[in-house]
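Structural characterization, general
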Amino acid sequence: MNGAQKAFFEEKERSLGVRLNEVQTQAVLQTNGPLLLLASPGSGKTTTIIMRIGYMIEALGVNPSRIKAVTFSKASAGDMKARFAKFFPHLPPVDFSTIHSLAFQVVRQTLERQGISYGIIEESDKPGVVSKKRVLREIFEQLNGSKITEDQLDELLTYITFIKNKMLPEQEWAMPEVKVPRKVEILQRYEEYKRTGSDRLLIDFDDMLLMANDIFTKNREVLAQYQRRYDFYLTDESQDTSPVQHAIIAKLVAVHQNLCVVADEDQAIYSWRGAEPDYLLNFRKIYPEAHVLLMTQNYRSSATIVEPANIFIQRNKKRYNKQMFTENPAAEPISFKILENYNLQDKYLVDQLKNLSKRGSTAILYRNNTSAIPLMDAFDRAGLPFYMKDSTIRFFTHWVVEDIMNFMRLAYNTKNITVFEKVYRKMNAYITPTQLKALQKVPEDGCVFTQLLEHVELKDYQPEYIKRIRKTYDSIQFDKTTPTAMLEHIRYDFGYERTLMKMSENLGFNYENLLDIVDVLGLIARHTTTMTEFAGRLKHLENLARSSHMKNELNAITLTTLHSSKGLEFDHVYLIDLIEGILPSEAEEEIEEETRLFYVGITRAISHLELISYNKRFKTSVVPSIFMKALKQIVSPQELPKKAPKSPKKAPKQYRNERTITTESALIVGSKVKHVILGEGEILAVTSSTIELSFATGFKKFLTDTCLQQGYLETMED
């Protein structure tokens, strides 16, 4: 390091209190050519990025307008801008933006130059705009003859984003497994609508990327213009970027190759959206001259959390052989809690948190937003303030919730044919649209079930069932029957569970997820005595979810999904609903991504980490997550069964040759070894007492001393 470089770092340490470690310093100084900076959780990534940009401007004299920093989201771009202004208030601003913002600049300029009128298709449902969701709803209904559910719409939107980010040709549009009927035809019609459904070309969020890449491919002049605009590119959170995004950046840096890619393949959790972490693993194939730096010192978490997390992530094979470590002292041990039933989870958390002094640095992390609903209810009743990180919780507007409320509304007035129209197909009475039309024409005003029996032509099997439904409704007293009892009537007497099962079979819905919604409503119903109170409680919670997202109180507990928690940190972290089928999900082929998602969750914790599971989810027996079991085994290895003592006359058999491993220093994580009995394997983890290896037949753990003394392991031939 020369004098000018040393002076820069010393001045920043004096003025900002920032002292970089050796790898961070290398990352700051390595400004020319391609650089892959792999940053483990809590390793000071943002500080290093900001210092690198500041160094280029202050020490090297680079014009700030010649630097382009591309971030994953608008929020990240804003955070980077604010951090840069704080560190270097005397310097002009640097261009921090998302890849979509950059792509849109290219598209807008090109279309305007060509005189092509265009409009933006918005992702939201705001009035007065061309809404992507509205267009897709209409196309779905035209092709399928029924309305699309919000779950299906979410899946359809994700499918379209996946197709475009992967740059899949039309002949491959059917490949992704998406349970939306006629998905390919819907996408084809959607693309046609954007070209012909308006007096101008319509562009959506994903089109910007494809069109920018296409412009750069076909128009050398435009590409050269953007290549000349910036001398240095930096991309953050690159593990979450897609092939089309990589293609755009590769074209922009093709001349000077001054590209700094900041990422962590161990935190890649968006493959379902088209992201490809393999790009990081193949970085040197794309940029043969690239430097690769491993920034692995964790400044966030206690050693009690960092060391097990580091061992855990080594289960994955698609990763660099990097070892996260910390110089932070140990703190309280990781806690593992297995409850008897899911419905005890919210009470357990209330009991844990109500006496906690630093609730503002506490987070509850979960896989699905549905998990937040019982927590909101329990925390609100206990007077615990909370902040909803995720802005969109569709639970309260889900069609299953609407069905349940309509069954209850019908109990208030069985003459309400408008409400009956919304649920008549959900009662297992096989009432047809023709029969409904006949009912609507009946002049008398009376109970819909009586009107059906007396004035509508029914099939032989229908009257008896309709009479039973009517009898049940007659027994219900709207102001006295409890919501819990009413839910039982809906599920079993009205056959709603059977309806959900048939709909799942026919339309590809997830039956367990739908049943979960009904069960969660049951948890809320426990604390209400009338259906009116229950309906009011749901509306209150819906408003609370919306308002708690808008304001983050000083002492509020954060409720967030694992995906939305990335980049955050908290003193106290609770991972909940850790059961098989939720985390990991049932998709075996995605096990590495599921592993990374769990790893992201546990590395949010600074000092207190608690993992929570249960043996039953309502009435169904469940199995605690294999990830929870694996981490517990790392934290507290079970003693391996002791062998029967051998006769002192016989020395234990030893296996030794010139390749025998006899020292612990030769046990390197990630290296290939040969076990004298089990054959070829790979070292996954080494501690002072045990060594874990991966074989074709599975994972095995051995006592380190025994392996070394008996010569069980050999190095592999080169």
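**Examining the overall build of the protein chain**
Counting secondary structure elements, the protein chain contains 29 helices and 20 strands. With respect to the three principal axes, the spread of C-alpha positions in the protein chain is 95 × 90 × 50 Å. Relative to its full complement of 718 residues, the protein chain shows a buried share of 52%. In the protein chain, the share of contacts with a sequence separation of at least 24, taken over all contacts with a separation of at least 6, comes to 73%. When the accessible area of the protein chain is evaluated, it comes to approximately 34000 Å², of which 50% is carbon and sulfur surface. Separation of charge centres in the protein chain, based on 93 positive and 91 negative side chains, amounts to 1 Å.

**Brief notes about the domain arrangement of the protein chain**
According to the domain assignment, the protein chain contains domain 1 (3–103 + 211–295), domain 2 (131–197), domain 3 (325–385 + 553–635), domain 4 (397–524) and domain 5 (664–715). At the interface, 10 residues of domain 3 touch six residues of domain 4. With both chains or domains summed, domain 3 and domain 4 bury close to 770 Å², and 65% of this area falls on carbon and sulfur atoms. Scanning the region where domain 3 abuts domain 4 turns up one salt bridge. Arg 617 is paired through a salt bridge with Asp 516; the nearest N and O atoms lie 2.5 Å apart.

**Some points on the packing of aromatic side chains**
The description of an aromatic ring pair uses the distance of the two centres, along with the angle that the planes make with each other. Throughout the structure, instances matching the rule amount to 27 aromatic pairs. Relative to Phe 9, the ring of Phe 8 has its centre 5.3 Å away and its plane inclined at 80°; by these criteria the two rings are edge-to-face. The same class applies to Phe 8 as to Phe 9, namely buried. Ring geometry for Phe 395 against Phe 396: centres 5.3 Å apart, planes inclined by 85°, an arrangement best described as edge-to-face.

**Here's the deal with the packing of helix α1 (residues 3–16) against helix α3 (residues 45–58)**
Relative placement of two packed helices is described by the angle separating their axes and the distance separating the axes. Across the interface, α1 lies against α3 with an axial gap of 11 Å and an inter-helix angle of 130°. Overall, the two elements α1 and α3 adopt an arrangement that is oblique. Where α1 crosses over α3, the handedness of that crossing is right-handed. Residue-level contacts link Gln 5, Phe 8, Phe 9 and Lys 12 of α1 to Met 51, Gly 54, Tyr 55 and Glu 58 of α3. In terms of residue class, the contact of α1 with α3 is built from four nonpolar, two polar and two charged.

**Here's the deal with the nonpolar core**
Residues Ile 364, Phe 379, Phe 420, Phe 449, Tyr 473 and Leu 559 are the most contacted members of the largest nonpolar core, which totals 84 residues. Structurally, this core is a two-domain feature, drawing no fewer than three residues from each of domain 3 (325–385 + 553–635) and domain 4 (397–524). In this structure, Leu 559 is in contact with Ile 364, Tyr 366, Leu 375, Met 376, Phe 379, Phe 386, Tyr 387, Met 388, Lys 389 and Asp 390, ignoring residues within four places of it in sequence.

**Quick notes on the side chain of Gln 245**
Along the chain, Gln 245 falls in helix α11 (residues 243–252). You can call Gln 245 buried: its relative accessible area is 9%. In this view, Gln 245 contacts Ile 99, His 100, Asn 165, Leu 209 and Asp 240; residues no more than four positions away in its chain are not counted.

**Some words on unusual backbone geometry**
Cis peptide bonds are those with omega within 30 degrees of zero, and the linkage from Leu 583 to Pro 584 qualifies with 5°. Summarising the element assignment, Pro 584 is placed in the loop between β13 (570–575) and α27 (591–602). Its identity is not glycine, yet Tyr 430 carries a phi of approximately 55°, on the positive side. As for its placement among the helices and strands, Tyr 430 is situated in the loop between α18 (417–423) and α19 (433–440). In the Ramachandran plot, Asp 577 falls in the positive-phi region, its phi being about 55° despite a non-glycine side chain. In this fold, Asp 577 is placed in the loop between β13 and α27. By relative accessible area, Asp 577 is classed as buried at 1%.

**Some remarks on the sheet that holds strand β7 (residues 259–263)**
With parallel pairing, six strands are arranged side by side in an open sheet as β3-β2-β6-β7-β1-β8. With one partner strand each, in any of the chains shown, β3 (95–98) and β8 (291–295) form the two edges of the open sheet. Shown here is a sheet whose adjacent strand axes are inclined to one another by a mean of 15°, direction ignored. Strand direction decides the pairing type here: strand β2 (residues 67–71) and strand β6 (residues 232–235), joined by four bridges, are parallel. When the sheet's bridge partners are listed, Lys 68 is paired in β6 with Tyr 233. Packed onto the sheet, helix α5 (residues 99–114) meets β2 and β3 and runs at close to 95° relative to β3.

**Quick look at helix α23 (residues 496–507)**
The α-helix winds at 3.6 residues per turn, so residues separated by three or four positions along the chain end up facing the same way. In this model α23 runs 16 Å from its N-terminal to its C-terminal C-alpha over 12 residues, within 8% of the 16 Å that 1.5 Å per residue would give. Residues of α23 that are buried: Tyr 496, Glu 497, Thr 499, Leu 500, Met 503 and Ser 504. All buried residues of α23 fall inside an arc of 155° around its axis, so they share one side. Summarising the geometry of α23, the exposed residues directed more than 90 degrees from the buried face are Glu 505 and Asn 506. One or two positions beyond α23, positive phi appears at Gly 508, with a value near 80°.

**Considering the pattern of salt bridges**
For side chains of opposite charge, pairing can occur when their charged atoms come near one another. Using the criterion set out here, one finds 45 salt bridges in the structure. In this structure, Asp 204 engages Lys 132 in a salt bridge whose closest nitrogen and oxygen atoms are separated by 3.5 Å. Here the residue Asp 204 occupies a position in the loop between β5 (201–203) and α9 (205–218), and Lys 132 occupies one in helix α6 (residues 132–144), the gap between them amounting to 72 residues. On the basis of relative accessible area, Lys 132 is assigned to the buried category, the value being 0%. Among the ionic pairs, Lys 164 bridges to Asp 204, the shortest N-O distance being 3.3 Å. With Lys 164 in helix α7 (residues 150–165) and Asp 204 in the loop between β5 and α9, this pair connects stretches of sequence that are 40 residues apart. Taking the relative accessible area as the measure of exposure, Lys 164 reaches 5% and is therefore buried. Of the residues examined, Asp 204 reaches a relative accessible area of 0% and is grouped as buried. In this structure, a network of salt bridges that share partners links the residues Lys 132, Lys 164, Glu 191, Lys 194, Asp 204, Asp 206 and Asp 207.

**Considering the environment of Ser 43**
Tracing the backbone shows Ser 43 in the loop between β1 (35–39) and α3. Taking C-alpha positions, Ser 43 is 24 Å from Ser 335, a pair spaced 292 residues apart along the chain. Ignoring sequence-local partners within four residues, the contact set of Ser 43 consists of Gln 24, Met 295, Gln 297 and Tyr 299.

**Observations concerning the confidence of the model for the protein chain**
Caution is warranted with low-pLDDT regions, since their predicted coordinates should not be read in detail. When the pLDDT values of the protein chain are averaged, the result is 90; 95% of them are 70 or greater. Across residues 640–653 the pLDDT falls below 50, and counting only partners more than four positions away or on other chains, this stretch makes six contacts in the model.

Conventions used here
Residues numbered from 1 in each chain as written. Predicted model: local features only at pLDDT ≥ 70, side-chain atom pairs only at ≥ 80, totals over all residues. Heavy atoms only, no water. Helix = DSSP H or I, 4+ residues; strand = E, 2+ residues; numbered from the N terminus. Buried < 20%, exposed > 50% of the residue type's maximum accessible area, 1.4 Å probe, protein only. Contact = heavy atoms within 4.5 Å. Areas by Shrake-Rupley, 256 points an atom, 1.4 Å probe, with all protein chains shown as cover. Lys, Arg positive; Asp, Glu negative; His and termini not counted. Charge placed at Lys NZ, Arg CZ, Asp CG, Glu CD. Domains from an automatic or database assignment. Buried area = accessible area lost by both parts, 1.4 Å probe. Salt bridge = Lys/Arg side-chain N within 4 Å of Asp/Glu carboxyl O. Phe/Tyr/Trp six-rings, centres within 6.5 Å; stacked < 30°, edge-to-face > 60°. Axes fitted to C-alpha atoms, helices over the stretch in contact; angles between N-to-C directions. Parallel < 35°, antiparallel > 145°, perpendicular 65-115°, else oblique. Left-handed = near helix turned anticlockwise from the far one by under 90°. Nonpolar A, V, L, I, M, F, W, Y, C, P; charged D, E, K, R; others polar. Core = buried A, V, L, I, M, F, W, Y, C linked by side-chain atoms within 4.5 Å. Pairing = 2+ DSSP bridges. Expected span 1.5 Å × (residues − 1). Arc of directions from axis to C-beta. pLDDT = per-residue confidence, 0-100.

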